[in-house]
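Reading the structure
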Amino acid sequence: PPSLQILPPNGQIVTRKGGPVSFECKANGNPPPTVQWSKKDGLLPSGHQVETGYLLNLNDVRRQDGGVYQCTASNGIGQPVTGEIKLHVLYPPEVSVLRSWVNSGEGLEAKLDCVVHADPPAEVTWYQDSFLLQPTDRRLMSKVGNTHTLTIRNVQLSDFGNYSCVVSNSIGKDKRYMELSGKPGPAKVISGQYSNPHEYDLKWVVQSVFPVIEVRILYRRIMSNSSYHHPGHWHDLLVKPAQTFNSATSERSQRYRLTDLQPDSVYECLVQTKNQHGYGELSDLHQWSTSSRGRFIVQSGTTRKRCHLTVLIMTMVAVLSKTL
């Protein structure tokens, strides 16, 4: 039956991120055993479930490569035997933020989060602009798992601004930035890419704990074909549409109907919202197409969608064909 010997004999390897690592599993038996490598609770760095051979070579080790590796020897005589090697990867801090922009308001609470991975464990310090922050009754610093959180209670105007979490261990250092603001976030347009010939229901959501008091809409027609592209002039609207508020996400939903559009055209728009702290950033550019004259995508005066007559006829024919 098979027997095996793990190298290194203690079954432990410690290495730094980016370096090469080799595992060896010597096996004896008659007939000569087959040796297969696998990783406990996951795939091998190559993405394979198993690899065959006495040697397992890892190049450019990542922190995710750490864990327990198993080699199994079998030759059909008796039971297979298994040995283990534990790989411990040391690496400099790797930091990410849950949100790079955080909206809050005076008298409310704000939370800024940094997700930290580091080995050896890292030290985390918080800064507002270039000033080191210390814990106070209003400013709390906590850690749950890999997430480090700066909680600011009873937010004041002086709390708005740029923040950074600086993370360091004996191998390296990393930093990420966040902004705490009372202004609205950038609007996110959620309406579709097609509209009726002459009108378009523009819909967007925006994060703002305070009510939106004004919305700026910029839109223009793009005149183009296969060899020609020329955008028209911008229409600049200031409107005050109704809004609905989701307290769980601090998002506000709004809509506005654009009229007097040209059929069979491409339009693009930008949306910018304002609350009592001022205007937020512009949305990403959003494009949509108007249908040809007489081809209605959405029935006027209602949100009920209906297809063009030709599409309806084709659908009915398909259904009848299946029935028959």
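Below is a short write-up of the structure. Everything numeric in this text was worked out from a predicted model, so none of it was measured.

1. Brief notes about the overall build of the protein chain
The number of helices and strands found in the protein chain is one helix and 27 strands. Looking at the 324 residues of the protein chain, the share that counts as buried comes to 38%. When the accessible surface of the protein chain is totalled, it reaches about 18700 Å², and 51% of it is carbon and sulfur.

2. Topic: the state of the cysteines
Overall, the coordinates contain two disulfides when judged by the stated rule. For C25, the disulfide goes to C71, at an S-S distance of 2.1 Å. The S-S bond linking C25 to C71 shows a torsion near 55°; that makes this disulfide right-handed. Separated by 46 residues along the polypeptide, C25 in strand β3 (residues 21–28) and C71 in strand β7 (residues 67–74) bring together distant segments of the chain. Each member of the pair, C25 as well as C71, is classed as buried. What pairs with C114 in a disulfide is C165, and their sulfur atoms sit 1.7 Å apart. The sign of the -80° torsion about the S-S bond sets the C114-C165 disulfide as left-handed. Within this pair, whereas C114 is found in strand β10 (residues 110–119), its partner C165 is found in strand β15 (residues 161–168), the two being separated by 51 residues in sequence. The exposure class of C114 is buried, given its relative accessible area of 0%. With its bonded cysteines labelled in order along the sequence, the protein chain shows the pairing 1-2, 3-4.

3. Observations regarding the pattern of salt bridges
The full count for this structure, using the stated rule, is 12 salt bridges. Its salt-bridge partner being K17, residue E94 comes within 2.9 Å of it at the nearest N-O pair. Linking E94 in strand β8 (residues 81–97) with K17 in the loop between β2 (12–16) and β3, this pair joins segments that are 77 residues apart in sequence. Using a relative accessible area of 23% as the deciding quantity, one classes E94 as partly exposed.

4. Some points on the environment of Y127
On the secondary structure map, Y127 appears in strand β11 (residues 123–128). Here the alpha-carbon distance between Y127 and Y177, two residues 50 residues apart in the chain, equals 9.4 Å.

5. With respect to unusual backbone geometry
Of the consecutive residues N30 and P31, the connecting peptide bond is found in the cis state with omega at 5°. One can find P31 in the loop between β3 and β4 (34–39). Its identity as a non-glycine residue notwithstanding, D60 has a phi of 55°, on the positive side. Notably, D260 is not glycine yet its phi reads approximately 60°, a positive angle. Relative to the helices and strands, D260 resides in the loop between β24 (251–258) and β25 (266–275). For D260, a relative accessible area of 69% corresponds to the exposed category.

6. A short note on the environment of H117
For H117, the position within the fold is in strand β10. For H117, a relative accessible area of 23% puts it in the partly exposed group. With 28 residues separating them in the primary sequence, H117 and G145 have C-alpha atoms 9.9 Å apart. If sequence neighbours within four positions are ignored, H117 has contacts with R63, Y91, P92, P93, E94 and N146.

7. Focus: the sheet that holds strand β16 (residues 173–181)
Two pairing modes exist for strands in a sheet, parallel and antiparallel, and in both the strands are linked by backbone hydrogen bonds. Read across the sheet, five strands follow the order β9-β16-β15-β11-β12 without closing on themselves; strand pairing throughout is mixed. At either end of the open sheet lies a strand with only one pairing partner, and these are β9 (101–103) and β12 (131–132). Where β9 lies against β16, three bridges are found, and the strand directions are parallel. When the bridges of β16 are listed, W101 appears paired with E179.

8. Examining the sheet that holds strand β6 (residues 55–58)
The strand order across the open sheet formed by three strands is β1-β3-β6, and the pairing between neighbours is antiparallel. On the outer flanks of this sheet lie β1 (3–7) and β6, each paired with one strand and no other. Between one strand axis and the next, the sheet turns through 15° on average, direction left out of account.

9. Remarks on the side chain of T290
One can find T290 in strand β27 (residues 286–290). Judged by relative accessible area, which is 4%, T290 ranks as buried. In terms of polar contacts, T290 uses its side chain to reach the backbone amide nitrogen of D264, at 3.1 Å. Beyond its immediate chain neighbours, meaning those up to four positions away, T290 contacts S195, N196, P197, L261, Q262, P263, D264, S265 and Y267.

The rules behind these values
- Residues numbered from 1 in each chain as written.
- Predicted model: local features only at pLDDT ≥ 70, side-chain atom pairs only at ≥ 80, totals over all residues.
- Heavy atoms only, no water.
- Helix = DSSP H or I, 4+ residues; strand = E, 2+ residues; numbered from the N terminus.
- Buried < 20%, exposed > 50% of the residue type's maximum accessible area, 1.4 Å probe, protein only.
- Areas by Shrake-Rupley, 256 points an atom, 1.4 Å probe, with all protein chains shown as cover.
- Disulfide = S-S within 2.5 Å.
- Salt bridge = Lys/Arg side-chain N within 4 Å of Asp/Glu carboxyl O.
- Contact = heavy atoms within 4.5 Å.
- Pairing = 2+ DSSP bridges.
- Axes fitted to C-alpha atoms, helices over the stretch in contact; angles between N-to-C directions.
- Polar contact = N/O pair within 3.5 Å; in protein donor to acceptor, adjacent residues only side chain to side chain.

Purely geometric stuff here, so don't read any function into it on its own.
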